[in-house]
There are 2 protein chains.
Amino acid sequence: MELRDFFPIWNQLASGQQETLIESTIRRAIPKGTLLHSGSMDCTGLLLVQHGQLRAYILSEEGREITLYRLLEGDICLFSASCMMRSIQFEVMIEAEKDTELWIIPADSYKSVMDQSAPLANFTNEVMAGRFSDVMWLLEQILWKRFDQRLAGFLLEESALEGTDVLKITHETIGSHLGNPREVVTRMLRYFQNEGLVKLARGTVEITNRAAMQKQYGT
Amino acid sequence: MELRDFFPIWNQLASGQQETLIESTIRRAIPKGTLLHSGSMDCTGLLLVQHGQLRAYILSEEGREITLYRLLEGDICLFSASCMMRSIQFEVMIEAEKDTELWIIPADSYKSVMDQSAPLANFTNEVMAGRFSDVMWLLEQILWKRFDQRLAGFLLEESALEGTDVLKITHETIGSHLGNPREVVTRMLRYFQNEGLVKLARGTVEITNRAAMQKQYGT
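Residues numbered from 1 in each chain as written. Chains lettered and ligands numbered in written order. Predicted model: local features only at pLDDT ≥ 70, side-chain atom pairs only at ≥ 80, totals over all residues. Heavy atoms only, no water.

### Some points on the state of the cysteines
All names here are of chain A.
Then, in step 1: Here the structure, examined in full by the defined rule, presents two disulfides over all chains.
Then, in step 2: In this model, C43 is linked to C83 through a disulfide, with the two sulfur atoms separated by 1.6 Å. Here C43 and C83 share a disulfide; its torsion about the S-S bond, -85°, makes the bridge left-handed. Taken together, the residues span a long stretch of sequence, with C43 in the loop between β2 (35–37) and β3 (46–51) and C83 in the loop between β6 (76–77) and β7 (93–96) at a distance of 40 residues.
Then, in step 3: On the basis of relative accessible area, C43 is assigned to the partly exposed category, the value being 31%.
Then, in step 4: Owing to a relative accessible area of 47%, C83 belongs among the partly exposed residues under this scheme.
Then, in step 5: For the unlinked cysteine C77, the closest cysteine sulfur is that of C43, found at 11 Å. (Disulfide = S-S within 2.5 Å. Helix = DSSP H or I, 4+ residues; strand = E, 2+ residues; numbered from the N terminus. Buried < 20%, exposed > 50% of the residue type's maximum accessible area, 1.4 Å probe, protein only.)

### Regarding the confidence of the model for chain A
Then, in step 1: In this model, chain A carries a mean pLDDT of 92, and residues with pLDDT of at least 70 account for 98%.
Then, in step 2: With pTM at 0.86, the complex prediction returns an ipTM value of 0.85. (pLDDT = per-residue confidence, 0-100.)

### Some points on the packing of helix α5 (residues 171–178) of chain A against helix α6 (residues 182–194) of chain A
All names here are of chain A.
Then, in step 1: Running from N to C, α5 and α6 point in directions that differ by 110°, and their axes come no closer than 8 Å. Relative to α6, α5 is oriented roughly perpendicular. For the pair α5 and α6, contact is made by H171, E172, I174 and G175 and by R182, V185, T186 and L189, respectively.
Then, in step 2: Grouping the constituent residues of the contact of α5 with α6 by class yields three nonpolar, three polar and two charged. (Axes fitted to C-alpha atoms, helices over the stretch in contact; angles between N-to-C directions. Parallel < 35°, antiparallel > 145°, perpendicular 65-115°, else oblique. Contact = heavy atoms within 4.5 Å. Nonpolar A, V, L, I, M, F, W, Y, C, P; charged D, E, K, R; others polar.)

### A closer look at the sheet that holds strand β6 (residues 76–77) of chain B
All names here are of chain B.
Then, in step 1: Spatially, β1-β8-β3-β6 is the arrangement adopted by the four strands of the open sheet, whose pairing is antiparallel. Whereas interior strands pair on both sides, the edge strands pair on one side only; in this sheet they are β1 (26–30) and β6.
Then, in step 2: Pairing analysis gives five bridges linking strand β3 (residues 46–51) to strand β8 (residues 100–105), with the strands arranged antiparallel. Residue pairing across strands places L46 opposite I105, the latter belonging to β8. (Pairing = 2+ DSSP bridges.)

### So, the interface of chain B and chain A
Then, in step 1: At the junction of the two partners, chain B supplies 40 residues and chain A supplies 40 residues.
Then, in step 2: Summed over both partners, the interface of chain B with chain A buries about 3,400 Å², with 71% contributed by carbon and sulfur atoms.
Then, in step 3: If you sort the residues of chain B by the area they bury against chain A, E126(B), F132(B) and W144(B) come out on top, with a joint share of 21%.
Then, in step 4: Joining chain B to chain A, the criterion identifies two salt bridges.
Then, in step 5: At the junction of chain B and chain A, the tally comes to 12 residue pairs in polar contact (both at pLDDT 80 or more).
Then, in step 6: Residue assignment for the side of chain B that touches chain A shows that the elements contributing at least two residues are β4 (54–59), β5 (65–71) and α3 (118–144) of chain B.
Then, in step 7: In terms of residue count, the dominant contributor to the side of chain B that touches chain A is α3(B) (20 residues). (Buried area = accessible area lost by both parts, 1.4 Å probe. Salt bridge = Lys/Arg side-chain N within 4 Å of Asp/Glu carboxyl O. Polar contact = N/O pair within 3.5 Å; in protein donor to acceptor, adjacent residues only side chain to side chain.)

Next up, the structure:
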């Protein structure tokens, strides 16, 4: 993907604005497991994912985690440049879940163009609204869905992302995605195993009855 | 408040843009209890609160509610004009919690100016980021705070909004703010009463030990 492919409004930018973005953009290869941004770090800049997978999550004071959303190929991460907007009063962590190639647009370059360009500012609005929708979806899941439904939904989503029924993932990691302690995850996975939905082994969870799990998630 | 007072960037709008906003804006007096916007209704437009108090909340399929945030004098409600942005994929309800005077800017007028004006688009970005921060705060409360802390925090906030220690509010309504069933609220309020934090009577909750309640909320 070229830089322009990330911005549907690219042709509405003046050529000087396009140049500002192109000249300041840095390309990076990020190994899996790297923490790219944490709330307390400096303003990293916008992250544009070319290949790979990023995870945005929040962290409690006690070290518990919950995944807010994933960023895949073609996605733009705005909250790694949250210093651009003073009304963003929360701290998001971003880590590479897979080996990832991305472009970084420094926050000050991006902001200088966005301050002048209504198309870029409106596009940025849409990006933020998309993430806002992700978080509202998550909030509704936590409020109104039972844990078994959330866990089934998570396993199905992981399976789709990885393209396999055999997920290499620990109960601890699942807990970090869903915001629950490991013991709660283990208990529910054992219940799923008794119901014939999954098969557990050391470090893996295998989906053995996809249809039943989709039903579990839907109800 | 004048229309211009809602927009710190008013002077950066062209006079034609200012006129578009002024001419399309409608003034309304809304009685307490009115449902101003629900996800399924038409696109209401931006709401600018002159006096009074609005409540933004979401609703589960089973009819449970949780308050997302309040809008007070000088606040702008964006999600009542969510049709402006196609990336907003969630449904927010807005009701008047007090008799409220407001201005409504129709979504199409606002959007026509925002599409042309970088200052207005960037200001709108800040408004959305502020609401996003409110929702992230709420998400963290729900995930990491115990219910007693959330209830104590809610009572203190209500007391500050109403300017009194004697809150006229039912357990059912408190449940609708916090996303919990009435029984859960009643049980915790009785516990608070036993601890000497509140005094319960028909239709009222009186804060009797503010210092202890603040301590409860802080820990």
